[in-house]
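Residue-level structural notes
Okay, here's what each chain looks like letter by letter:
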Amino acid sequence: MKKIFITLLIALAAVCADALEIIKDGKAQAEIVISPDACNSEKTAASQLQKYLKKISSAELKIVTSPTGEIPFYVGPSKYTKKLGLTIKDIKNDGFKIIVTDKYAAILGFDDNRRPIPDGNTRFGVYYKVLKEWQEYTGHKWDFRPALNRDGRNYRFGNGKKPLSFHDRDATGTLYGVYDFLESLGCRFFMPIEDLGEVVPKMKTVNLANRNIKSDPVIEFRDFFMCGFRTDYEFLWFKGAMRNGGTFEYDPNHSCCNITAYQKNRPELFAYSKGKPYKRGPKLLLPRLSSPELRSELAEFVLKYHEKYPEIKYYPIAQPDGWNVLDERDVKAGWDKVEEGNWGRFSDYMWDFALDVAKKIRAKNPNIKFSTLSYGYAKKPPKIVDKIPEYFSITFSQNSTMWHLPLFKGELELREEWEKKAPNSNFFIYDYYLQYRNSRNFPPIPVQHIKMTEENFKNLPKRTKAYFTEVPVSSDKKSASRLKWPGLSHLRIYLHSKLVWNRNVDLNALLEDYYKKFFGPAAKEMKEFYEFTEKVWMRPGDRQITAYSGFVRPKDIDKFFEILKRAKLKAGDTIYGKRVDLISSEMAPLKNLFDSMKRTGPYVRMRTVRDRSKVNIDGNPNKDFWTKQLAGEKLYLRDNLTGEYPHINRTVVKARWHNNALVLGITCYERRMNEIRATVPKGRINDSGIWNDDTLEVRLETPKGYRIFLAVNPNGALFSKVVTPDVTEVASAWRPDDICVKKFPDRWYVEMRISNIGKMPTKAIPWGFNVCRDRRAGPVEEAYALSPTGGRFNQPSKYANLWNRGKH
């Protein structure tokens, strides 16, 4: 026993001899040394080291620009670290080194605080000033909005000119190193709210063991897009603790829209059908990618972009967002490859465009490289080329949180296809973490997907250079965080940030550390909570939850809260209990989720038309399709406030199920046809001026989670949109199959067909359904509805229940 004791004393003495004591009994023994010309992020790294060492020990280390005799703790490269032979030449990307000897400590990283793009973009809200300068520089009416990739919101303090300001996309290796060092002392930064999210150990003496660590990120560019930063603390959480940033600018924008946005008077740039341009929303016209003028101008745009900002490594050439139609001439030419499915319909067409634009650019500058999108209708690799040139990088869009594992395997297989098609290209991943983006469309259900996350990172393309992630955002300015529901969202972001730095990190070990440090005595219960969360999330079923479908059911909600209640009892009124409380409070709306989904409107029955022949949507209310059905089957609209049936100006609805589609014939009787308001012309789509007109609205909610909204005026102008179960679907460009509006002396009539939205509704599983009329003819505006809401029309809980028995 005596021999063992002596051995332990010798070992302890050896540890103490190699240890660097920077704080002793609450008093500083060291000073933080930075270069006199340190960049902004290095100065911030020094201040963060000072801040947290003081939180740990109450001792404040001075920050100096030259050593004064205390133990030096060097932060960032300087002439002093150079004399010591310390270098960052062997660091890859924006990595860092941590060195501790018995004489000094040093944290050195690759730092690059780059200029704003575009010039002058040092704060949010300068877009039109920037746009004017860009158009003067280029001599064209080109947009620059998608290229605002160093957004002024993402500078600390919101202004790149103020002290210590830098951008979340800058390379800040020294700052990452400081946070890594603090984690080695036991600090944790789990959530972007300072008083709740961080764990800081307490110790009066801080001894540092000798070490020489080099850490390089496996992925060169890492960014959480769309979050912004409400506070300095949140900025530094995303930037430092979560290690956002990189050594190059990544711009995944829909670049062809830069050419078309301010040139709507040039029909040669746009896609047409029957003499009218396709529109997506009230402002955006869809471009025609086969247009020679569009291709030439985009090539010129990229050359100007490169001339102005040569630091950009990959210039985007890509289709517009929400693109699901082609110019009718291109359809006739065979470019709409319907047989390839929605992921591949436009792939050949888009790549014909991208390759041609690149050829024009490289004829003038053969050194420029490009990025383009695997996205929407061009998500699959093209077949018109055997190998994609290495000067193209592929931005692969995916949703690794909205799908359970079997469906996500389709994404993984597609990535493999791209690697074969583009074996020498770099890959950028554009991922969606959007389930909390809009709480009306997706309630605050806890989400966990460890197995799927591991699968995702294990199978990343070898040449993955960037991982760009959209995260849920909050518009509530009173919230402590810009992150939507930080209690529910933070863990997935924390784990993700570790994986983009080191894809081989042990997630289970990280989770055990998280449960222990973040929840203390409630660690066991919260582990149970998250494991149950993953079990529910990975369950097959639609992500969009309705009263009749979805992956989560009422008993799951009960269990969530039962586990949280046990966790709170264990944690008590401590910091651990407050963390449990935050999660519980964010989830509180779930308690009434299924009650709020119960529709209070009447059950209304539609008929099935057995004749399989095609019916023409021609605005004829007297054709056999309507008149051979049961004569008594009519639905009447009532006053939306009183619920009374009107005696005049009635509205009559007929509904049929035919060839897996819903067909509606709606008659709006009107005694003042000469006074109806119809200012938006026929053929106009999604023009907001329609709300000044007489309008007829159709609203549907299917068990699969589709929420469809259609509005038409007496001219036949259409407003159309849909919320889909999968947020990555091109929802806003959705249209009914066919629609026709006709005017008669005493009425106007609307006929439409809607398909591809689900199986025929039944009485057991009906569709939510409402038809509403806003009548503006006459001196007083009047509102009617099939199922009166008592107020605004958009109230799904008050819709009628549409059903069909499948028989005449």
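Residues numbered from 1 in each chain as written. Predicted model: local features only at pLDDT ≥ 70, side-chain atom pairs only at ≥ 80, totals over all residues. Heavy atoms only, no water.

**Notes on the packing of aromatic side chains**
Think of a pair of aromatic rings as described by two things: how far the centres are apart, and how the planes are tilted against each other in angle. Applying the stated rule across the entire model yields 57 aromatic pairs. Ring plane angle 65 degrees and centroid distance 6.0 Å describe the contact between Tyr74 and Tyr104, whose orientation is recorded as edge-to-face. With Tyr74 in strand β5 (residues 71-75) and Tyr104 in the loop between β6 (96-100) and β7 (105-109), this residue pair connects regions lying 30 residues apart in the sequence. Assigned by exposure class, Tyr74 and Tyr104 land together as buried. With 5.3 Å between their ring centres and 80 degrees between their planes, Tyr305 and Tyr315 make a pair best called edge-to-face. Of this pair, Tyr305 sits in helix α9 (residues 292-308) while Tyr315 sits in strand β20 (residues 315-316); the two residues are 10 residues apart in sequence, bridging distant segments of the chain. Neither residue differs from the other here; Tyr305 and Tyr315 are each classed as buried. Over the ring of Tyr137 we find Lys308, and its NZ or CZ is 4.7 Å from the ring centre. (Phe/Tyr/Trp six-rings, centres within 6.5 Å; stacked < 30°, edge-to-face > 60°. Helix = DSSP H or I, 4+ residues; strand = E, 2+ residues; numbered from the N terminus. Buried < 20%, exposed > 50% of the residue type's maximum accessible area, 1.4 Å probe, protein only. Lys NZ or Arg CZ within 6 Å of the ring centre and 35° of its normal.)

**Re the confidence of the model for the chain**
The predicted model of the chain has a mean per-residue pLDDT of 89, with 91% of residues at 70 or higher. Contacts for the low-pLDDT stretch residues 1-17, under 50 throughout, to residues beyond four places or in other chains number one contact. (pLDDT = per-residue confidence, 0-100. Contact = heavy atoms within 4.5 Å.)

**Re unusual backbone geometry**
Both trends apply: most residues other than glycine have a negative phi, and most peptide bonds are in trans. Positive phi, close to 50 degrees, is recorded for Asp25, a residue that is not glycine. With respect to the helices, strands and loops of the structure, Asp25 is situated in the loop between β1 (20-24) and β2 (27-28). Positive phi values are uncommon outside glycine, yet Asn93 reaches one of about 55 degrees. Inspection of the secondary structure assignment puts Asn93 in the loop between α3 (79-83) and β6.

**Considering the nonpolar core**
With 153 residues, the main nonpolar core has Leu208, Ile317 and Met526 as its most contacted residues. Beyond its immediate chain neighbours, meaning those up to four positions away, Met526 contacts Tyr515, Phe519, Leu564, Ala567, Val580 and Ile583. Core analysis: the next-biggest nonpolar cluster, separate from the first, contains 36 residues, Trp657, Ile708, Val712 and Tyr784 among them. (Core = buried A, V, L, I, M, F, W, Y, C linked by side-chain atoms within 4.5 Å.)

**As for helix α7 (residues 232-241)**
By the criterion of burial, α7 is predominantly enclosed, with nine of the 10 residues buried. Every buried residue of α7 is listed here: Tyr233, Glu234, Phe235, Leu236, Trp237, Phe238, Lys239, Gly240 and Ala241. Within two residues after α7, Arg243 carries a phi angle of roughly 60 degrees, on the positive side.

**Remarks on the environment of Ser296**
Here Ser296 shows up in helix α9. Taking relative accessible area as the criterion, Ser296 reaches 37% and is therefore assigned partly exposed. Taking the C-alpha atoms as reference points, Ser296 and Asp356, 60 residues apart in sequence, are found 9.2 Å from one another.

**Focus on the side chain of Asp556**
Relative to the elements of secondary structure, Asp556 occurs in helix α17 (residues 554-571). You can call Asp556 buried: its relative accessible area is 3%. Separated by 2.7 Å, the side chains of Asp556 and Arg539 make a polar contact. Each residue touching Asp556, except ones within four places of it in the same chain, is listed here: Phe532, Val536, Arg539 and Phe551. (Polar contact = N/O pair within 3.5 Å; in protein donor to acceptor, adjacent residues only side chain to side chain.)

**Side note on the state of the cysteines**
Defined simply, a disulfide is a covalent bond joining two cysteines at their sulfur atoms. Going through the model one piece at a time under the given rule, you end up with zero disulfides. Considering cysteine sulfurs only, Cys668 is the nearest to Cys772, which forms no disulfide, with 11 Å between them. When its relative accessible area of 0% is taken as the criterion, Cys772 is described as buried. (Disulfide = S-S within 2.5 Å.)

**Regarding the sheet that holds strand β21 (residues 370-374)**
Spatially, the seven strands line up as an open sheet ordered β15-β14-β24-β23-β22-β21-β20, and their pairing is mixed. Each having just a single partner strand, β15 (245-246) and β20 make up the two edges of the open sheet. Across five bridges, the pairing between strand β22 (residues 392-398) and strand β23 (residues 427-432) is parallel. Of the residues in β23, the one forming a bridge with Thr395 is Phe428. (Pairing = 2+ DSSP bridges.)

**Let's talk about the pairing of strand β36 (residues 767-775)**
Among the nine residues in β36, nine count as buried, and that is most of the element. Of the two faces of β36, the one carrying Trp767, Phe769, Val771, Arg773 and Arg775 and the one carrying Gly768, Asn770, Cys772 and Asp774 are both buried. Sheet analysis places β36 next to strand β38 (residues 800-803), joined by three bridges and oriented antiparallel. Bridging across to β38, Gly768 finds its partner in Asn801. As paired strands, β36 and strand β37 (residues 782-785) are joined by four bridges and run antiparallel to one another. Residue pairing in the sheet places Arg775 in a bridge with Glu782 of β37. Between β36 and β37, which pair antiparallel and follow one another directly, the connecting turn spans six residues, one of which, Gly778, has a positive phi of 100 degrees.

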